[in-house]
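# Structure at a glance
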Amino acid sequence: MKVYNFIAGAMRPALSGRWLDNIEPATGQVYGQLPDSDARDVEEAYRAAKKAFPLWSGLSAEDRYAYLMRIAERIEARAKELAEAESRDNGKPLWLARSVDIPRASKNFRFFATSALHFGSESYEMRKPHAINYVLRKPLGVVGCISPWNLPLYLFTWKVAPALAAGNTVVAKPSELTPVTAYLLGEICSEVGLPEGVLNIVQGLGPKAGAAIVAHPDIAALSFTGGTKTGAEIARVAAPMFKKISLELGGKNPNIIFADAPYEPMLSTTLRSSFANQGQICLCGSRIFIQRSLYDRFKEDFIRKIEEEWKVGPPLEEDTKVGALISESHMQKVLRYIELAKSEGGTVLTGGHRVHLPPPWDKGYYVAPTVIEGLPNNCRTNQEEIFGPVVSLMPFETEEEVLAMANAVPYGLSATVWTRDLSRAHRIADRLEAGVVWINTWLLRDLRTPFGGVKASGVGREGGFEALRFFTEPRTVCIRYDV
């Protein structure tokens, strides 16, 4: 299967004529190719976006709404095909792509299409002298969106939809590891008649195609989700050009469980927050803190549930809970962290190894859900993002103790707290260094709320009107009327 760039409304190979192999994580085999694009392809995409900008930005919010809603409807109409493509490209269970990834992609377009209709401007009245100030929100022009491989279409649309809704034209790059659903989105844009050049999708490697988007002098803003190291490089390159940047980066998220937690909901949700999507979600709770009086009970039940219910298997099987990791190199990274944990004094309670399935899955990238205890909070395993099905268990006694441990990492993306004590929940939420705090739940998202992290977890916020503010520039107009 070959996928192509989508530039100026047309499917195109890379100008280099070169192709990259696309590997299916579940089998470890090449099953397709994508363009090996470079700065020349990005320049073509930029020119198409620049040409389309006057038309697109000049449309009313209602007209842009209509286009985005048609895209959402086509995603829903092609949901089965998109879910199958996402599962094969990423290695995630098909049921997960079907129930989470593709519905959310459609919802992203619906949400931001509607948001643009209600995105207003402020005005401020002055009395001495008599004047009124009002604020216009102007689209930036051509913007760049770079998305990751863990939730491919889900996060690609999370960036593209608000950029388009605000009146910008877009040069976007999906991960080279998961190119297919972005390619299919290009097909959908053609099907609904989106004007040529409004959305341009450049496939290829981050250090070539992605870097060219970042370095392009006329791309006005960059929205990126990915690793913290890459985010730092983007900031280094973009800052001297005074680009607007939004960086949603890594996490090492605490999951704090007090003895009065609602036990059964906590246990089932903690299994999900640990291992959903093979642990390859930046919001997964990889450090689990359990109040000491509950520790032994939780540990016993948690391990039993993992071993009984969290089957590692091929993505197409309905009872598979843990599919394949994204690539062989990423799998080896996760396995190295497990060995590191052992050398740091950790004990593997379950998992800790590669899982070998029968053919044709025998060369796939599977790792058993892994639980480790006995590690100090300041060791590398508890400080560095692993991004796989690996969690550590640590007991605590008091609020002060667990807050100190929870905050003692470079990251600050999200946190989860389990307690029936409402006052405690508010106290903990107030003091946790995280952009998102969930109380007695996890990954429950209202798309109207700001999303993002602090410290090494990123810069800026996505979601709701925050996203529309990012993709626009305010202009204040002051009129004096007593002259």
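Preceding this section is the structure that the text describes.
In this report, the structure presented in the accompanying data block is examined. (Residues numbered from 1 in each chain as written. Predicted model: local features only at pLDDT ≥ 70, side-chain atom pairs only at ≥ 80, totals over all residues. Heavy atoms only, no water.)

Here the focus is a nonpolar patch on the surface. Together, Ile-132, Tyr-134, Ile-479 and Tyr-481 give the surface a local cluster of nonpolar side chains, amounting to about 340 Å² of exposed area. Examined against the element boundaries, Ile-132 turns out to sit in strand 6 (residues 131-139). (Patch = residues over 30% accessible without salt bridge, like charges linked within 9 Å, V, L, I, M, F, W, Y side chains within 5 Å. Areas by Shrake-Rupley, 256 points an atom, 1.4 Å probe, with all protein chains shown as cover. Salt bridge = Lys/Arg side-chain N within 4 Å of Asp/Glu carboxyl O. Helix = DSSP H or I, 4+ residues; strand = E, 2+ residues; numbered from the N terminus.)

Turning our eyes to something else, we now look at the pairing of strand 10 (residues 221-225). Counting buried positions along strand 10 yields 5 of 5 residues, so the element is predominantly enclosed. Side chains of strand 10 alternate between two faces, with Ala-221, Ser-223 and Thr-225 and Leu-222 and Phe-224 buried alike. Pairing between strand 10 and strand 11 (residues 244-248): 5 bridges, direction parallel. Bridge pairing in strand 11 links Ser-223 to Ser-246. Read as a crossover between parallel neighbours, the route from strand 10 over helix 8 (residues 228-238) to strand 11 is right-handed. (Buried < 20%, exposed > 50% of the residue type's maximum accessible area, 1.4 Å probe, protein only. Pairing = 2+ DSSP bridges. Right-handed = clockwise from strand over helix to strand, strands pointing away.)

The next subject is the sheet that holds strand 12 (residues 254-257). One open sheet accounts for 7 strands, arranged 14-17-18-13-12-20-21; its pairing is mixed. Looking along the sheet, the strands with just one partner apiece sit at the ends: strand 14 (347-350) and strand 21 (436-439). Sheet twist, expressed as the average angle between the axes of neighbouring strands with direction ignored, equals 25 degrees. As paired strands, strand 12 and strand 13 (residues 287-291) are joined by 4 bridges and run parallel to one another. Residue pairing across strands places Ile-256 opposite Phe-289, the latter belonging to strand 13. (Axes fitted to C-alpha atoms, helices over the stretch in contact; angles between N-to-C directions.)

Turning our eyes to something else, we now look at the sheet that holds strand 6. As summarised here, the arrangement of the 3 strands in space is 5-6-24, forming an open sheet in which the pairing is antiparallel. At either end of the open sheet lies a strand with only one pairing partner, and these are strand 5 (123-126) and strand 24 (472-480). For this sheet the average axis-to-axis angle between neighbouring strands, irrespective of direction, equals 20 degrees. Relative to strand 6, strand 5 runs antiparallel, the two being bridged by 4 bridges. Looking at the pairing, Ser-123 lines up with Tyr-134 of strand 6.

Here the largest pocket defines a volume of roughly 1,100 Å³. Forming the boundary of the largest pocket are 37 residues, of which Trp-149, Phe-224, Gly-226, Gly-227 and Thr-230 lie nearest the centre. Breaking the lining of the largest pocket down by element, the ones donating at least two residues are helix 7 (206-215), strand 10, helix 8 and helix 11 (328-343). Partitioning the lining of the largest pocket into residue classes produces 17 nonpolar, 14 polar and 6 charged. Together, 27 residues line the second largest pocket, and Val-100, Arg-104, Tyr-154, Ile-281 and Leu-443 are the ones closest to its centre. Tallying contributions element by element places helix 4 (residues 94-118) first for the lining of the second largest pocket, with 8 residues. Residue composition of the lining of the second largest pocket, grouped by class: 17 nonpolar, 2 polar and 8 charged. (1 Å grid on protein atoms, 1.4 Å probe; cavity = no way out; pocket = protein on both sides within 12 Å on 5 of 7 lines; lining within 4 Å. Points joined across faces, edges and corners; volume = space filled by probe spheres on them. Nonpolar A, V, L, I, M, F, W, Y, C, P; charged D, E, K, R; others polar.)

Turning our attention to the packing of aromatic side chains. What the rule picks out here adds up to 12 aromatic pairs. Taking 5.5 Å as the distance between ring centres and 40 degrees as the angle between the ring planes, the aromatic pair formed by Phe-119 and Phe-465 counts as tilted. Taken as a pair, Phe-119 in the loop between helix 4 and strand 5 and Phe-465 in helix 15 (residues 464-470) lie far apart in primary sequence, 346 residues in all. Accessibility expressed as a relative area gives 31% for Phe-465, which makes it partly exposed. (Phe/Tyr/Trp six-rings, centres within 6.5 Å; stacked < 30°, edge-to-face > 60°.)

Right, let's talk about empty space enclosed by the protein for a bit. Applying the stated criterion to the full structure yields 4 cavities of 30 Å³ or more. In this structure, the largest cavity encloses a volume near 110 Å³. Mapped by element, the contributors of at least two residues to the lining of the largest cavity are helix 9 (263-275) and strand 18 (390-396). Each residue belonging to the lining of the largest cavity can be placed in one class, and the counts come to 7 nonpolar, 8 polar and 1 charged. Taken together, 16 residues form the lining of the second largest cavity, with Pro-254, Ala-406, Tyr-411, Gly-412 and Glu-433 sitting closest to its centre. Residue assignment for the lining of the second largest cavity shows that the elements contributing at least two residues are helix 13 (399-407), strand 19 (411-412) and strand 20 (414-418). Here the residues of the lining of the second largest cavity sort into 8 nonpolar, 4 polar and 4 charged.

Take the nonpolar core next. Of all hydrophobic cores here, the largest spans 60 residues; its most connected members are Ile-71, Phe-109, Val-170, Leu-185 and Leu-199. If you tally residues by element for this core, the top one is helix 5 (residues 152-165), at 10 residues. Filtering out sequence-adjacent residues up to four positions away, Val-170 remains in contact with Ala-49, Val-143, Cys-145, Val-160, Ala-163, Leu-164, Val-198, Leu-199 and Asn-200. In this structure, Leu-271, Ile-306, Trp-310 and Val-312 belong to the second largest nonpolar core, which totals 29 residues. (Core = buried A, V, L, I, M, F, W, Y, C linked by side-chain atoms within 4.5 Å. Contact = heavy atoms within 4.5 Å.)

A word on the side chain of Gln-280. With respect to the element layout, Gln-280 can be found in the loop between helix 9 and strand 13. Within the structure, Gln-280 has its side chain in polar contact with the backbone nitrogen of Ile-326 (distance 3.2 Å). Discounting chain neighbours no more than four positions away, the residues touching Gln-280 are Trp-149, Asn-150, Ala-324, Leu-325, Ile-326, His-330 and Phe-387. (Polar contact = N/O pair within 3.5 Å; in protein donor to acceptor, adjacent residues only side chain to side chain.)

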